[in-house]
Amino acid sequence: MSNSGSYLTGLLVLFFLAQPKQTLALKKDHPLDLTALENCVKASRDIVYKTVVGREIHLDLYYPKKKSSPYPLFYFIHGGGWYVGSKKLAKNQQLIFDDLLRAGVACASINYRLVSQSTPEKPIEMRDCVTDAKDGLRFLKKYQDKYQLDMSRVVTHGTSAGGQISLLLAYSNAEEFRGEPTLVDFPVSPVGCVSWFGPTDFTDSDLFIPHGMKAKLPPDRFTSRIMNGAPRIGYHQANDILKEKMREMSTVTYLKKSSPPVLQLHGNKDATIPHKHALQLRKKAKAVGTEVEVITVENAGHGFNFGGGHTPKLSVLILASVEYSLKWMGIEYPQ
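Calculation notes
- Residues numbered from 1 in each chain as written.
- Predicted model: local features only at pLDDT ≥ 70, side-chain atom pairs only at ≥ 80, totals over all residues.
- Heavy atoms only, no water.
- Helix = DSSP H or I, 4+ residues; strand = E, 2+ residues; numbered from the N terminus.
- Buried < 20%, exposed > 50% of the residue type's maximum accessible area, 1.4 Å probe, protein only.
- Contact = heavy atoms within 4.5 Å.
- Areas by Shrake-Rupley, 256 points an atom, 1.4 Å probe, with all protein chains shown as cover.
- Pairing = 2+ DSSP bridges.
- Axes fitted to C-alpha atoms, helices over the stretch in contact; angles between N-to-C directions.
- Polar contact = N/O pair within 3.5 Å; in protein donor to acceptor, adjacent residues only side chain to side chain.
- Salt bridge = Lys/Arg side-chain N within 4 Å of Asp/Glu carboxyl O.
- Right-handed = clockwise from strand over helix to strand, strands pointing away.
- Expected span 1.5 Å × (residues − 1).
- Core = buried A, V, L, I, M, F, W, Y, C linked by side-chain atoms within 4.5 Å.
- Phe/Tyr/Trp six-rings, centres within 6.5 Å; stacked < 30°, edge-to-face > 60°.
- Parallel < 35°, antiparallel > 145°, perpendicular 65-115°, else oblique.
- Left-handed = near helix turned anticlockwise from the far one by under 90°.
- Nonpolar A, V, L, I, M, F, W, Y, C, P; charged D, E, K, R; others polar.

A. Broad picture of the overall build of the protein chain. Summing up its helical and strand segments, the protein chain has eight helices and ten strands in all. Taken across its 335 residues, the protein chain has 57% of its residues classed as buried. By sequence separation, contacts in the protein chain at least 24 residues apart represent 74% of the contacts at least 6 residues apart. For the protein chain, the accessible area works out to roughly 13900 Å², and carbon and sulfur atoms hold 52% of it.

B. Quick look at the sheet that holds strand S4 (residues 55-64). Spatial strand order, S3-S4-S6-S5-S7-S8-S9-S10: eight strands in an open sheet with mixed pairing. Of all strands in the sheet, those with a lone pairing partner are strand S3 (40-52) and strand S10 (292-297), marking the two edges. Going from strand to strand, the sheet's axes swing by 20° on average, the running direction of each strand aside. Sheet topology note: the S4/strand S6 (residues 106-110) ladder contains four bridges and is antiparallel. Bridging from a neighbouring strand, Asp-60 pairs with Ser-109 of S6. In this fold helix H8 (residues 314-329) packs onto strand S5 (71-77), strand S7 (149-159), strand S8 (192-196), strand S9 (262-267) and S10, with an angle of close to 165° to the strand it touches most, S8.

C. Structural context of the environment of Ser-160. Secondary-structure assignment places Ser-160 in the loop between S7 and helix H4 (161-171). Taking C-alpha positions, Ser-160 is 4.2 Å from Gly-198, a pair spaced 38 residues apart along the chain. Setting aside residues no more than four positions away along its own chain, Ser-160 makes contact with Trp-196, Phe-197, Gly-198, Pro-199 and His-302. At 2.8 Å, the side chain of Ser-160 and the side chain of His-302 are in polar contact.

D. Local environment of the pattern of salt bridges. Throughout the structure, instances matching the rule amount to 14 salt bridges. Ionic pairing is found between Lys-50 and Asp-132, a salt bridge with its closest N-O pair at 2.8 Å. Placement of the pair is Lys-50 in strand S3 and Asp-132 in helix H3 (residues 126-142), with a sequence separation of 82 residues. The exposure classification of Lys-50 matches that of Asp-132, with both residues buried.

E. Region of the structure containing the environment of Lys-67. Inspection of the secondary structure assignment puts Lys-67 in the loop between S4 and S5. Between the C-alpha atoms of Lys-67 and Gly-104, which are 37 residues apart in sequence, the distance is 7.3 Å.

F. Just H4, in detail. In terms of residue burial, H4 counts as a mostly covered element, since eleven of its eleven residues are buried. Among the residues making up H4, those that are buried are Ala-161, Gly-162, Gly-163, Gln-164, Ile-165, Ser-166, Leu-167, Leu-168, Leu-169, Ala-170 and Tyr-171.

G. Focus on the pairing of S8. For S8, a buried count of five out of five residues is recorded, marking the element as mostly surrounded by other parts of the structure. The alternating pattern of S8 places Gly-192, Val-194 and Trp-196 on one face and Cys-193 and Ser-195 on the opposite face, and all of these are buried. Of the pairings in the sheet, the one linking S7 to S8 comprises five bridges and is parallel in character. Residue pairing in the sheet places Val-155 in a bridge with Gly-192 of S8. On the question of chirality, the crossover connecting S7 to the parallel S8 by way of H4 is right-handed.

H. Structural detail: H8. A rise of 1.5 Å per residue sets the reference length of H8, with its 16 residues, at 22 Å; its end C-alpha atoms lie 23 Å apart and thus fit the reference within 8%. Gly-330 sits one or two positions beyond H8 and adopts a positive phi of about 80°.

I. Up close: the nonpolar core. With 61 residues, the main nonpolar core has Leu-61, Leu-73, Tyr-75, Trp-82, Leu-140, Ile-165 and Phe-202 as its most contacted residues. If we ignore the near neighbours within four places in the chain, the residues touching Phe-202 are Trp-82, Met-126, Gln-164, Phe-208, Phe-222, Ile-226, Tyr-235, Met-246, Met-249 and Ser-250.

J. Highlighting the packing of aromatic side chains. Under the criterion given, the structure shown has 15 aromatic pairs. A ring pair is formed by Tyr-63 and Tyr-71, whose centres lie 6.0 Å apart and whose planes are at 65°; its orientation type is edge-to-face. Exposure class is identical for Tyr-63 and Tyr-71. Each is buried. Relative to Phe-97, the ring of Phe-74 has its centre 5.9 Å away and its plane inclined at 85°; by these criteria the two rings are edge-to-face. Taken together, the residues Phe-74 in strand S5 and Phe-97 in helix H2 (residues 91-102) connect sequence positions 23 residues apart.

K. Just the packing of H3 against H4, in detail. Where H3 meets H4, the closest approach of the two axes is 10 Å, and the angle between their N-to-C directions is 55°. Taken together, the axes of H3 and H4 are oblique relative to one another. Remark: the crossing between H3 and H4 carries right-handed chirality. Here H3 contributes Met-126, Cys-129, Val-130, Ala-133, Lys-134 and Leu-137 to the contact with H4, which in turn contributes Gln-164, Ile-165, Leu-168 and Leu-169. The residue makeup of the contact of H3 with H4, split by class, is eight nonpolar, one polar and one charged.

L. The side chain of Asp-60, seen in detail. The residue Asp-60 is located in strand S4 in this model. In this structure Asp-60 touches Ser-44, Arg-45, Asp-46, Lys-87, Cys-107, Ala-108 and Ser-109, once residues within four positions along its chain are discounted.

By themselves, these figures tell us nothing about what the structure is for.
Dropping the structure here:
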């Protein structure tokens, strides 16, 4: 049986976002194991993957107990509005990592420069966050033999701002977002992406106004993170420089027929990055003939949690994320 066929076998629950019907179905719940990374045989922490104006930027690499090197790579980018956050794993990502480690996949979690660290002498914009994440992949490609990695089987994953970055890593050409000169000759093209509630289009301010809900935050609040000193204005009010940067940071800009498959999980009560972003991504992907699967999480806001009252529940979302990643790495989900 093919990997795709086994992935779809025994599916029990199908959730719908909007017409047309989505094709991704969800398996029944699997028991949560809260023992953090019990399937990790070793971890290499605080690996310096690049240095920018004297600042070291690090990643952590986790290895499976299963001896099957070179290992496919699951590459996680944290959220935090491009402003805060770190590579330290939250419980959700610990559970995803542990399931993937059990299947024989190496997992990485990275730091990147944050807009909050920007100074007049050392400005940092959203683009720099993406460039750093790209360079992390290039670094691991350069040293793939040392780290026992198969960089032809990489799936990216991120939450919120990290979801946007993970999508850009998947969709943009491997040569784009050049950063560290010693890494440019080591491009990586991910085979898939799992984004949790990542924004997809900064050129449409309406996407940041939640449908049927009162907007709690200004819809154009991210322009100053896209370009230092930019006013909070919409795309059509922006000057040409800001417009270009807004397009560059919009994942839909890079969609093409050959884009890798993407799974986007999004709460329908998300008032921070509204659910409309998932719809926009799927609509634009369909127009160019590439795959975007969407799981709508009913009654979820900006984030999924244990006992949060949303449907599907967190353990199902974790399983769906793991199985989708393994599918495009060509690995069967371990029984």
